[in-house]
Amino acid sequence: MHERVTALELAIKKAREKKDILLMTHIVLGYPNFDDSLRVVEDMVNAGVDLMELQIPFSEPMADGPVILKANAEALKRGATVEKSFEVAERLTREFDIPFLFMTYYNILYCQGIQTFVDRCKAIGIQGCIVPDLPPSEGEEYLDAMHAAELSPVHIFTPNTPESRMRHLSDNSSGMIYCVARKGVTGKDTAFSEDITNYLSLCKNTTELPLAVGFGVKSKEDIDYLRGKVDIAVVGSETIRVMERDGVGAVKGFIETLVT
Amino acid sequence: MKNSGYYSQFGGAFIPEILVPTFDELESAYLTAREDESFWQEYLDIMSTYSCRATPISRLDNLTEQLGGAAIYVKREDLNHTGAHKANNVMGQGLLTKRMGKKRVIAETGAGQHGVATATMAAKFGFDCTIYMGAHDVARQRPNVFWMEQMGATVVAVTEGSQTLKDAINEAFRDWVSNMDDTHYVLGTACGPHPFPEMVTWFQSVIGTEARAQMLERNGKLPSRVYACVGGGSNAMGIFSGFFDDKDVELVGVEAGGRGRGPGQHAARLAYDDATIGVAQGYKTYFLQDRDGQMQDTHSVSAGLDYVGVSPILSYLHESEQVRFEAASDVDVVAAMQKTVRNEGLIPALESSHAFAQAYAEAPGMSPDEDILINMSGRADKDIFTVADAVDDPKWRQFIIDKAKAYSEDMNNA
Ligand SMILES: Cc1ncc(COP(=O)(O)O)c(C=O)c1O
């Protein structure tokens, strides 16, 4: 067993005793507004979502595709701030008994002050962070603060990542590892087929942490494919698409089609 | 362990994990090229046969006399092929792209100069080429868009964010994270993640190396001050790097003062106090951002200086007081350009005209024994629409009206 077992990892392992795959969803805080963010999370939890990524909006979301990019921009246009994101996240962690992670870009942490950002995460019950533009070599202060607070810094494996680097990323992570299923940005389709089986087994063999797979996961078929191969399926852009197409009320029904 | 590529606290490589192997490959190709003298020789050969290196230095005789202070010299980067210093960087990265065996290049562009230079290089070397350009800039720089498309490049108008340079950079990165296997991203300025700031500076250093030798040969002494406009910082880094060891040469970077101080009015990151340190677009530097770290809108009459960040190397040189930063307002810039056109027959780009404006403001206060040197980073052909509006030329307006009328008659008859 590795040395840094966090609350997030324990929660994932516990949930996995009852389910053969967990579902993690993603929302952009403040999109379309903060009231709807609260409502969507409530619907998702009631529909059976096991963990959630809450994205704090940033004006330059370099790793995100058109859907999440637009959600970031709209949230900011309607006045989303880091302060409000923390307030809403605090309510969510209090009201719902699933693990919540923050996903955001490094400048948001940097401008708050990294220690302050991590302390506030701890204080409001956020369990981990995904910061896609912060490789471990640039993130010393962040990693030290997260580990000291026993929170989970989650790093990303990609199909381009060599095995030695996967080990390095795993050594600097706790809670789980996020594997992106393909190259590119969020929101485009992925062919979940034998093509990625080798990649997923390499990921599995290089880390003891639970594995989440995201980028292009959007249907029950995709999740069925991942079942037995990884611990968590991540649905991101697709719930935003459903919300934009069919309204906030449609999210619950969509999630239910994924978990049954 | 920190990544390399830091200049005191600025720089670094804040990149998505998917690009880590791509940056490793680029850094190693760059370092190998730096070690290899034949690479630099090949580069100089191409720059002297395909572009116009060495570019000359011109003395502004009439304005020197009129302003009555220091003698004013101009380094003529406008005489490069495609009309700007951008060619220096692009041809260098093109040679590296060949060495890495890649078949496609992508680039961001603000004014369109870097886009045109990249499209030219792609046509010459036989690469596929896609250029990302903010929709706002597409609208104000149509002549450059026209030439890029003529050269076979695909020009994508970016409608995200402020629709200017930073948004074009984001879109280029989004392309690169999908297509890195066969694609090189030709970043156009001394910004972005390591090794770009250092690598672009290396290619642009040809300006400073030439200029220093030319000034010495001509006058037997070095200039007292060297002026360059600063967008991302590549032409400034290029000319300044010839003079870093000369303690008596003052280096002056001129940013876009736009409509004056205050958020959204300018793009002066170092000359004004509106910017703070942050991390975006893969590197750490001064950004025009709010307290949360959200990038703010910027404004400049020149598309090429209209940018939220600045070279991390220049942020370092600012803090260590090796470069002085000033800002020139839109109005002063257009006036300086007109003065240069009228009195000297040179046509500096609106970007370059920032350096001219600052030099003209300072020259009269200097001794006639002193020389100053301005980097004319490019020429203004691309700016003809903007400048015609700024000087409110009625004949130009009539020309456009007649042209539009002829086009719509053609369409109606078709
Ligand atoms: C003529 C000219 N000068 C200057 C710039 C600014 O770039 P940099 O600061 O990298 O030299 C541009 C950018 O488009 C340009 O076209």
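Residues numbered from 1 in each chain as written. Chains lettered and ligands numbered in written order. Predicted model: local features only at pLDDT ≥ 70, side-chain atom pairs only at ≥ 80, totals over all residues. Heavy atoms only, no water.

The next subject is the overall build of chain B. Across its full length, chain B holds 15 helices and 14 strands. Scaling as 2.2 N^0.38, a compact globule of 414 residues should have a C-alpha radius of gyration of about 22 Å, and chain B matches this with 20 Å. The principal-axis extent of the C-alpha atoms belonging to chain B is close to 65 × 55 × 50 Å. Contacts in chain B between residues at least 24 apart in sequence constitute 73% of all its contacts with a sequence separation of at least 6. (Helix = DSSP H or I, 4+ residues; strand = E, 2+ residues; numbered from the N terminus. Rg over C-alpha atoms; globule rule 2.2 N^0.38 Å. Contact = heavy atoms within 4.5 Å.)

Right, let's talk about the domain arrangement of chain B for a bit. All names here are of chain B. Taken as a whole, chain B is organised into domain 1 (7-48 + 84-196) and domain 2 (52-83 + 204-388). Its C-alpha centre places domain 1 at a distance of 22 Å from the equivalent point of domain 2. Facing the 43 residues of domain 1 at the interface are 49 residues of domain 2. In this assembly, domain 1 packs against domain 2 so that about 3,500 Å² is buried in total across both faces, 60% of it on carbon and sulfur atoms. (Domains from an automatic or database assignment. Buried area = accessible area lost by both parts, 1.4 Å probe.)

Next up on the list: the sheet that holds strand β9 (residues 232-235) of chain A. All names here are of chain A. Read from one edge of the open sheet, nine strands run β5-β4-β3-β2-β1-β9-β8-β7-β6, paired in parallel fashion. One side of each edge strand has no neighbouring strand; the edge strands of this open sheet are β5 (152-154) and β6 (156-157). Bridge count between strand β2 (residues 51-55) and strand β3 (residues 100-103): four bridges; the pairing is parallel. Residue pairing across strands places L54 opposite F102, the latter belonging to β3. Here helix α9 (residues 197-206) sits on the sheet in contact with β6, β7 (177-180) and β8 (211-214), set at roughly 150° to β8. Contacts between helix α12 (residues 250-259) and the sheet are confined to β1 (22-28) and β9, with β1 contributing the most and set at about 155° to the helix. (Pairing = 2+ DSSP bridges. Axes fitted to C-alpha atoms, helices over the stretch in contact; angles between N-to-C directions.)

All right, on to the interface of chain B and chain A then. Residue-level contacts link 38 residues of chain B with 35 residues of chain A. A combined buried area of about 3,000 Å² lies between chain B and chain A, and 53% of that area is made up of carbon and sulfur atoms. The largest per-residue losses of area from chain B upon contact with chain A belong to E17(B), R174(B) and D292(B), which jointly make up 23% of the total buried on that side. Put simply, chain B and chain A have three salt bridges between them. Broken down by class, the residue content of the side of chain B that touches chain A amounts to 16 nonpolar, 11 polar and 11 charged. (Salt bridge = Lys/Arg side-chain N within 4 Å of Asp/Glu carboxyl O. Nonpolar A, V, L, I, M, F, W, Y, C, P; charged D, E, K, R; others polar.)

All names here are of chain B. In the vicinity of the ligand, 18 residues are found, and the nearest of them are T189, G231, S234, N235 and S377. The contact in question runs from an oxygen atom of the ligand to an N or O atom on the side chain of S234, over 2.7 Å. Protein burial of the ligand: of its 390 Å² of free accessible surface, 98% is covered by the chains. A breakdown of the residues in the shell around the ligand according to their chemical character gives five nonpolar, 11 polar and two charged. Looking at which domains feed residues into the shell around the ligand, each of domain 1 (7-48 + 84-196) and domain 2 (52-83 + 204-388) supplies at least three. (Near = heavy atom within 4 Å. Polar contact = N/O pair within 3.5 Å; in protein donor to acceptor, adjacent residues only side chain to side chain. Areas by Shrake-Rupley, 256 points an atom, 1.4 Å probe, with all protein chains shown as cover.)

Right, let's get into the pattern of salt bridges. One pass over the structure, following the stated rule, counts 42 salt bridges over all chains. Residue D20(A) pairs with R227(A) through a salt bridge whose shortest N-O separation is 2.8 Å. Here R227(A) lies in the loop between α10 (220-226) and β9 and D20(A) lies in the loop between α1 (7-18) and β1, a separation of 207 residues in the sequence. Here E210(B) ties to K75(B) by a salt bridge, and the two come within 2.7 Å at their closest N and O atoms. Note that E210(B) is positioned in helix α9 (residues 196-219) and K75(B) in strand β4 (residues 71-76), a separation of 135 residues in sequence. K75(B) shares its class with E210(B); the two are buried. Within this structure, R225(B), E250(B), R324(B), E326(B) and E362(B) form a network of salt bridges that share partners. (Buried < 20%, exposed > 50% of the residue type's maximum accessible area, 1.4 Å probe, protein only.)

On to the sheet that holds strand β10 (residues 250-258) of chain B, then. All names here are of chain B. Strand order in the open sheet formed by six strands is β3-β4-β14-β9-β10-β13, and the pairing between neighbours is mixed. Of all the strands in the sheet, just β3 (57-59) and β13 (323-329) have a single pairing partner and so form its edges. Each strand axis lies, on average, 25° off the axis of its neighbour in the sheet, ignoring direction. Pairing between strand β9 (residues 225-229) and β10: five bridges, direction parallel. Within β10, the residue paired with A228 across the bridge is G253. Strands in contact with helix α12 (residues 330-344) are β3, β10 and β13; relative to β13, the strand with the most contacts, it is inclined by about 90°.

Our next topic: the pairing of strand β5 (residues 104-109) of chain B. All names here are of chain B. Within β5, six of the six residues are buried, which leaves the element mostly enclosed by the surrounding structure. Here β5 shows two buried faces, one formed by R104, I106 and E108 and the other by V105, A107 and T109. Pairing geometry for β5 and strand β6 (residues 128-134), over six bridges, is parallel. The partner of T109 across the bridge, within β6, is M133. Inspection of the sheet shows β5 paired to strand β8 (residues 183-185) by three bridges, in the parallel sense. Within β8, the position partnered with V105 by the bridge is H184.

What follows concerns the nonpolar core. In this structure, L54(A), F102(A), L226(A) and L314(B) are the most contacted members of the largest nonpolar core, which totals 199 residues. Looking at this core, the element that brings in the most residues is α9(B), giving nine residues. If you count residues domain by domain, this core takes at least three from each of domain 1 (7-48 + 84-196) and domain 2 (52-83 + 204-388) of chain B. Those residues within four positions of L226(A) in sequence are excluded, and the remaining contacts are I21(A), F192(A), L200(A), V213(A), V217(A) and A233(A). Counting 29 residues, the second-largest nonpolar core is a separate cluster that includes L350(B), A359(B), I374(B) and A380(B). (Core = buried A, V, L, I, M, F, W, Y, C linked by side-chain atoms within 4.5 Å.)

Time to look at unusual backbone geometry. Y31(A) connects to P32(A) through a cis peptide bond whose omega is -5°. Relative to the helices and strands, P32(A) is located in the loop between β1 and α2 (34-47). A cis geometry characterises the amide bond from R53(B) onward to A54(B), with omega recorded as -5°. Among the structural elements, A54(B) can be located in the loop between α2 (37-49) and β3. Here E150(A), not a glycine, exhibits a phi torsion of approximately 55°, which is positive. Topologically, E150(A) is positioned in the loop between α7 (140-148) and β5. Taking the relative accessible area as the measure of exposure, E150(A) reaches 58% and is therefore exposed. Positioned with a positive phi, S8(B) is a non-glycine residue whose angle comes to about 50°. Looking at the secondary structure, you find S8(B) in the loop between β1 (6-7) and β2 (10-11).

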